[in-house]
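Summary of the model geometry
Here's the letter readout for the chains.
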Amino acid sequence: MSSLRVENLSVSIENKLVLRDVSFELKRGEIISIMGPNGSGKTSLALAIMGHPKYEILSGRILLDDEEITHLSPDERSLRGLFLAFQNPIEVKGIRLSTLIFSALNKRRGERNLLKSDPKIIPLLMQNLREVGLSNDHLHRDVNLGFSGGEKKRAELLQALMLKPKFLILDEPDSGLDVDGIKITAKKIKELASQGTGIIIITHYARLLKYLSPKEIIVISDGKIIARGGSELSYLIEERGYEALKGDLNA
Amino acid sequence: MPSLNALREKSLSLIDALPYQPLKDSPTIKYYTDWKLLDSYHLPIHSAGLTQVVQPLKLPSNVNVLISGKELIYGTINEGVRVTRTRELLEENITTRIDAIHYASLIQAIDIHFAKYDSSIPFRLTIESALGGGIHEGYHVRIFISDGLNVDLELFEIPLSDSSAYNGVVELIVGKKSSVNLTHVVIPNKKSPSVSNLKIVINEGSSVSINSMHMGGLMHRQQINGFLLGNSSRMIANVGLLGNEKRKIDYVFDSVLKGLNNELLFSGLAIAEDNSYVSMRAIGRISKISSNSLVDIRGHTYNIGAEATAIGSPVLEINSNNVRLARHSVSISNISEDILFYLMSRGLSIKDVKNIFRSELISKVISTTNDYVRTDVKEVLGTLLENNSLELT
Amino acid sequence: MHDSDINRLLESSPKWEILSELPTPKEIIIGGELRESVIRDISRIKKEPNWMLRLRLRAFEIWERLPSPNWLLGVEDLNLENLAHYVKPAITTKNDYESLPQKIYDFYVSLGIPESEAKYLSGLAGVLDSETIIMRVKEWLRKMNVIFMEMEEAVKKYPDLVKKYFSRVYPVADHKFAALHYALWSGGAFVYVPPNVKITQPIEAFFMISSALESQYEHTMVIADESSYIHFIEGCAAPMFPKYSFHNGAVEVYVHRKAHVRFTTIQNWSKKIINFNNKRSIVEEGGYVEWLEGGIGARVSYVYPSAVLRGKNAKASILAVSIANGPYIKDSGAKVYHLAPNTKSEVIAKSISSNGGLTIYRGLIYIAKGARNATSHVQCDSLLLDDRSRSVTIPHNQVLEDSAEVTHEATAGKISEDALFYLQSRGLSEEEGKSLIVLGFMHDLIKELPFEMANILNTVVQLEFSKLGGVG
């Protein structure tokens, strides 16, 4: 079965240990959630899985469809079907959003001319564009340049919808979105999952999870997994907070 | 006003006495433009002796006027537009050697008057250098836009001749309450130096919006002079500079704001690849008589060449304190680790990323008229677009 | 700003008035046509070793050869032949204030110099015209083997040490006035700090020009050996003359590995001075140089503190504030050359022009190939207080290393009307309000100064803006 497996991963950045012995498995079509307080290492986990150069893998491995990707470059991981929707997407002056989307698609199709805009793709692009709540104008602007927080999140989702990855990591996809935005995001996530994408939702709050039914919730604190469970975990956190949870576990 | 011949005579007499520049540019680099390269070219003696070494291409359907060496070729000239040969020029101060070279080397001088413009298709003027013999090849075009018009213009300057030094001056004089969208593309020659000077005069209530792309060449000096006269006039410039394949460019944008409520917004993006030289200078001058002016100059250079030189110099000259906003910022750096990681996480390699930055600079201006086949440009850029820039790794 | 601060500033009377004259008997005056014999006379009077005379003569030759910079403004009436090139006051160098001539003593006291020296400084050199008239060296400096003496004395006592650095940091042929400086230099302080010695209290040199039509060419050197620290302060003053005088000084700072030098200048020459100050530092591996410049006085001033970051991880920080209040020109800036990997520079330049003043910022950030991961950030802001004033910023950023990062930002504008209105609503006059806003603009510089210097700066600025148009 196609899966993304993280095995005993320990990671440091600038000589500081940020993840210790983290393990989990995500299967195609499943939705799982990683939760934790600020600074727990959730985003570090996402960035390390994606291959950010500043993160050093001290031990453990990452496997995608049984192939070890622990030391592959970010683009190699992406082409094997991994996609990360960033928490704070960076502005890229000089490349338009439409160009980024077309280039990424063309790369996957082995197209020589990366900038070629295939007219067959355009209807799907327009449809996805409207569904995530962005306009034509956003497509013609430089990536994330002058985008509000919510617009950046929508642009990340748009890219995920167009690239149809095998495994999708969404880092705080709900921050900056209003209630409608959250509902649409949830809808699209469920659609992707039903089409076979394995999805990890990294979140601080439980609200998005109410619309989804994650198969598993993993709680991280101080770089370690401190709890695993079903949806009841998210209600517990919502009601009593992470400190209480840690307290319960220590008791 | 003096005739072209009189200007030519005057220039000939002044040429040797004038310096290329009155002052040096900086303590470390004396002149940002390597003027010496122009010394090995001479002035054309007489028009009979000029040889056309590059034949103008069959005029593409989207080109309205083509100036190529001794040839002046018209495509469709819309109603309300008149093209004539210049008889007299308003005398400019001939203060530098390059001014004198220009007037002394004029091959053609054209005036284009826009009394009205109803088309949705941009008006395209293409100037090519096409002569041989190691001469300075000069062209002067004046474009007059009457009051109350909306005009889309495209100006392509393509020095095609390897054996002449192109110098082109285009003056864009915009009447009151008009708006002009100008796409300006300059593709200099890799074997000979070139100078292009675009002078824009904006009168009351008018605005000019420029989208431009300038590549480097053997040594290309790109000068843009903007004069915001009258009140409520506006200039917005989005500029792309490309130093690839060892090309060199010194780009100078110099604007003066003279009225009330003028606005100048400048945004420049430059790419300096291996062995290239890319200098981007933008000057905003707020004059004493202006009031409530706004100047916002921003430039960024992606310095991605191991042996490249990237220069940025944003200059503000404020002579009035009645300023709404006067700001400039410039940054020069490689593609940041974070930007690279973000783009790579979409499946693009480092080489792909660099190629895309470069191609975007070009396609932002060249694809603006969508479906039109740009045969002339494509021939020149052909190798660039298809062979090198967009290959997969 | 708190109301209590505002009151305190209003109540404190200016510490010193602008002097109208400071007549001091002169022992020697050498002026007139600038010839080789003038150079020889000066060297002879100083009883200099031959190598220094040769250096002066070589510099004089270069001075005659180099063309005048054609971009200078405001120096059209500078006629060196009308100036006294060397003026020795009839005072032998003292080491206590009471022995100074009365008028000079009074002037020093009115500036608070003896008092601040006692409380805050490790040492003080007072220079009048072309010679040093007072040297105060605290005991702990001697104990730490710190060398602090007049430049001329160092030339004689420590020739090898001086030769190692003299004119090596600021080159003789850099420009015409630098060459002139080296030909005619006189006075100034020499400081050498041995390895690992950290001097916690600053050393100060205070310069005065007593008459019109004089030139002052002091040469100051600060050498900080490995892992040492010193803060050097330079102050300048001159009475108001009917005619102008000319200051063309130089400062050479050498920062050895891991050493740290902070050099502060508060320049408040009167409005009749034409001021050139040639300042440069070389910084070795892990070293750190800080230039703090407050340029308030002078009719026209050209000062560009510079740093050559020669060793890896070397750092430079330049903080400059210039005020042109009246029809004066402040042409200032900063130059940093990054020649090694991981070097860092930060420049903050603030300028204020009013009453027809012109401030010009000229900056240069040069990053050589091989200066891997060098970073530089420059911020220059200018404030124009009225519509007669002007400001120009001309920065050059030249990057030959693809891993380097350079950023530059600048804004220019006027005082916010809201801010001025607020202060007026608290009972301040428009001029008082403006001076407070100016002080706020200069806050970055003021907060870095030792207390008494900050106080002097506060009152000087206040004085500037309280006089009608600041005309003197």
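Below is a summary of the structure that appears in this document. (Residues numbered from 1 in each chain as written. Chains lettered and ligands numbered in written order. Predicted model: local features only at pLDDT ≥ 70, side-chain atom pairs only at ≥ 80, totals over all residues. Heavy atoms only, no water.)

With that settled, the discussion passes to the interface of chain A and chain B. Residue-level contacts link 41 residues of chain A with 29 residues of chain B. Across the chain A/chain B interface, buried area totals approximately 3000 Å², and carbon plus sulfur atoms make up 64% of it. Taken as a group, Lys93, Lys107 and Arg112 of chain A account for 21% of the area that chain A buries against chain B, more than any other trio of residues on that side. Linking chain A with chain B are five salt bridges. Summed over the shared surface of chain A and chain B, the number is 18 residue pairs in polar contact (both at pLDDT 80 or more). Considering each element in turn, the side of chain A that touches chain B owes the most residues, six residues, to helix α3 (residues 97-108) of chain A. (Contact = heavy atoms within 4.5 Å. Buried area = accessible area lost by both parts, 1.4 Å probe. Salt bridge = Lys/Arg side-chain N within 4 Å of Asp/Glu carboxyl O. Polar contact = N/O pair within 3.5 Å; in protein donor to acceptor, adjacent residues only side chain to side chain. Helix = DSSP H or I, 4+ residues; strand = E, 2+ residues; numbered from the N terminus.)

Residue and element names in this part refer to chain C. If you check helix α3 (residues 50-65), its first and last C-alpha atoms are 23 Å apart, about what 16 residues at 1.5 Å a residue would give, namely 22 Å. Of all the positions in α3, only Trp51, Met52, Leu53, Leu55, Arg56, Leu57, Ala59, Phe60, Ile62 and Trp63 are classed as buried. At its buried positions, α3 is contacted by α2 (36-46), α7 (151-157), α8 (159-165) and α9 (176-184). (Expected span 1.5 Å × (residues − 1). Buried < 20%, exposed > 50% of the residue type's maximum accessible area, 1.4 Å probe, protein only.)

With that settled, consider the environment of glutamate 36 of chain C. All names here are of chain C. As for its placement among the helices and strands, glutamate 36 is situated in helix α2. Along the primary structure glutamate 36 and histidine 181 are separated by 145 residues, whereas in three dimensions their C-alpha atoms are 14 Å apart. Beyond its immediate stretch of four places on either side in the chain, glutamate 36 contacts Leu57 and Phe60.

Glancing now at the pairing of strand β10 (residues 229-237) of chain C. Residues and elements named next belong to chain C. The buried fraction of β10 amounts to eight of the nine residues, a majority that puts the element mostly inside the structure. For strand β7 (residues 203-208) and β10, the ladder comprises six bridges, and the chain directions are parallel. When the bridges of β10 are listed, alanine 205 appears paired with glutamate 234. Here β10 runs beside strand β12 (residues 260-268); their pairing, made up of nine bridges, is parallel. Along β12, the bridge assignment pairs isoleucine 233 with threonine 264. (Pairing = 2+ DSSP bridges.)

Right, let's talk about the sheet that holds strand β5 (residues 67-68) of chain A for a bit. Residues and elements named next belong to chain A. Taken in spatial order, the four strands line up as β2-β1-β4-β5 in an open sheet, and their pairing is antiparallel. Strand pairing shows two members of the sheet lacking a second neighbour, β2 (16-27) and β5, which therefore form its edges. In the sheet, strand β1 (residues 3-13) pairs with strand β4 (residues 55-64) via eight bridges, with the strands oriented antiparallel. If you follow serine 12 over to β4, its bridge partner there is glutamate 56. Its contacts with the sheet put helix α1 (residues 42-50) on β1, β2 and β4, and the angle it makes with β2 is roughly 70°. (Axes fitted to C-alpha atoms, helices over the stretch in contact; angles between N-to-C directions.)

Take the nonpolar core next. Counting 107 residues, the largest nonpolar core has Phe24 and Leu158 of chain A together with Phe357 of chain B as its most contacted members. Core analysis: the next-biggest nonpolar cluster, separate from the first, contains 63 residues, Leu53, Ala154, Trp185 and Ile274 of chain C among them. (Core = buried A, V, L, I, M, F, W, Y, C linked by side-chain atoms within 4.5 Å.)

Residues and elements named next belong to chain B. Relative orientation of the contacting elements helix α1 (residues 4-14) and helix α2 (residues 97-104) amounts to 140°, with a least axis distance of 8 Å. Judged by the angle between their axes, α1 and α2 are oblique. The handedness of the crossing between α1 and α2 is left-handed. On α2, the residues touching Leu7, Arg8, Ser11 and Leu12 of α1 are Ala100, Tyr103 and Ala104. The class makeup of the residues in the contact of α1 with α2 is five nonpolar, one polar and one charged. (Parallel < 35°, antiparallel > 145°, perpendicular 65-115°, else oblique. Left-handed = near helix turned anticlockwise from the far one by under 90°. Nonpolar A, V, L, I, M, F, W, Y, C, P; charged D, E, K, R; others polar.)

Two side chains that carry opposite charge are able to pair once their charged atoms sit near each other. For the coordinates displayed, the defined rule picks out 62 salt bridges over all chains. In this structure, arginine 142 of chain B and aspartate 111 of chain B form a salt bridge, with 2.8 Å as the shortest nitrogen-oxygen distance. Residue arginine 142 of chain B is found in strand β6 (residues 135-145), and its partner aspartate 111 of chain B is found in strand β4 (residues 106-114); the two are separated by 31 residues along the sequence. Using a relative accessible area of 10% as the deciding quantity, one classes arginine 142 of chain B as buried. The network of salt bridges with shared partners includes Arg5, Glu7, Arg61, Asp66 and Glu68 of chain A.

We now examine α3 of chain A. Relative to the 16 Å expected for twelve residues at 1.5 Å per residue, α3 of chain A spans 17 Å between its end C-alpha atoms, a close match to the ideal helical length. In the segment just after α3 of chain A, glycine 110 of chain A is the residue with positive phi, at about 75°.

Now for unusual backbone geometry. Despite not being glycine, lysine 246 of chain B has its phi angle at roughly 65°, a positive value. As for its placement among the helices and strands, lysine 246 of chain B is situated in the loop between β13 (234-243) and β14 (248-257). Of note in the backbone geometry, serine 167 of chain C takes a positive phi value of approximately 65° without being a glycine. Its relative accessible area of 14% is what places serine 167 of chain C among the buried residues.

This paragraph deals with the packing of helix α3 (residues 337-344) of chain B against helix α4 (residues 350-366) of chain B. Residue and element names in this part refer to chain B. Interhelical geometry of α3 versus α4 gives an angle of 100° and a closest axis separation of 10 Å. Overall, the two elements α3 and α4 adopt an arrangement that is roughly perpendicular. Contact with α3, carried on its side by Ile339, Leu340, Leu343 and Met344, involves Ile350, Val353 and Phe357 of α4 and no other residues of that element. Class assignment for the residues of the contact of α3 with α4 results in seven nonpolar, no polar and no charged.

What follows concerns the interface of chain C and chain B. In this assembly, 36 residues from chain C lie in contact with 38 residues from chain B. When the buried area of chain C at its contact with chain B is split by residue, His396, Gln398 and Asp402 of chain C rank highest and sum to 19% of it. Its salt-bridge partner being lysine 369 of chain C, residue glutamate 307 of chain B comes within 3.7 Å of it at the nearest N-O pair. The tally of links between chain C and chain B comes to 22 residue pairs in polar contact (both at pLDDT 80 or more). The set of elements that each furnish at least two residues to the side of chain C that touches chain B consists of β18 (329-338), β20 (358-367), β22 (390-399) and β23 (405-414) of chain C.

Residue and element names in this part refer to chain A. The sheet built from six strands is open, its strands ordered β6-β9-β10-β3-β11-β12 with mixed pairing. At either end of the open sheet lies a strand with only one pairing partner, and these are β6 (82-85) and β12 (224-229). On average, adjacent strands in this sheet sit at an angle of 20° to one another, irrespective of strand direction. The pairing of strand β11 (residues 216-221) with β12 spans five bridges and is classified as antiparallel. In the strand pairing of β12, isoleucine 220 is matched with isoleucine 225. In this fold α1 packs onto β3 (31-35), β6, β9 (167-171), β10 (198-203) and β11, with an angle of close to 145° to the strand it touches most, β6. With respect to the sheet, helix α7 (residues 179-194) is in contact with β3, β9 and β10, its orientation differing from that of β10 by roughly 150°.

Let's shift gears to the side chain of arginine 346 of chain B. Structurally, arginine 346 of chain B is set in the loop between α3 and α4. Look at arginine 346 of chain B and you get buried, because its relative accessible area is 0%. One polar contact links the side chain of arginine 346 of chain B to the main-chain carbonyl oxygen of leucine 84 of chain A, over a distance of 2.6 Å. Setting aside its immediate chain neighbours within four residues, arginine 346 of chain B contacts Ser78, Phe83, Leu84, Phe86, Leu100, Ala104, Arg108, Glu156, Gln159 and Leu163 of chain A.

Turning our attention to the packing of aromatic side chains. Given two aromatic rings, one states the distance between the centres and the angle between the planes to describe the pair. With the rule as written, the count across this model stands at 23 aromatic pairs over all chains. Grouping aromatic residues by their ring pairs yields a cluster made of Trp63, Phe177, Tyr217, Phe246, Phe276 and Tyr302 of chain C. When the ring centre of tyrosine 20 of chain B is taken as reference, the NZ or CZ atom of arginine 97 of chain B above it lies at 4.8 Å. Cation over ring: lysine 46 of chain C sits above tryptophan 185 of chain C, and NZ or CZ is 5.8 Å from the ring centre. (Phe/Tyr/Trp six-rings, centres within 6.5 Å; stacked < 30°, edge-to-face > 60°. Lys NZ or Arg CZ within 6 Å of the ring centre and 35° of its normal.)

Let's shift gears to the environment of arginine 327 of chain B. By secondary structure assignment, the location of arginine 327 of chain B is in strand β19 (residues 323-333). Here the alpha-carbon distance between arginine 327 of chain B and glutamate 204 of chain B, two residues 123 residues apart in the chain, equals 23 Å. Contact partners of arginine 327 of chain B, with chain neighbours within four places excluded, come to Val295, Asp296, Ile297, Arg298 and Leu316 of chain B together with Ala410 and Thr411 of chain C. Here the side chain of arginine 327 of chain B touches aspartate 296 of chain B through a polar contact of 2.8 Å, side chain to side chain.

Note that lysine 188 of chain A resides in helix α7. Residue lysine 188 of chain A is classed as buried on the basis of its relative accessible area of 3%.

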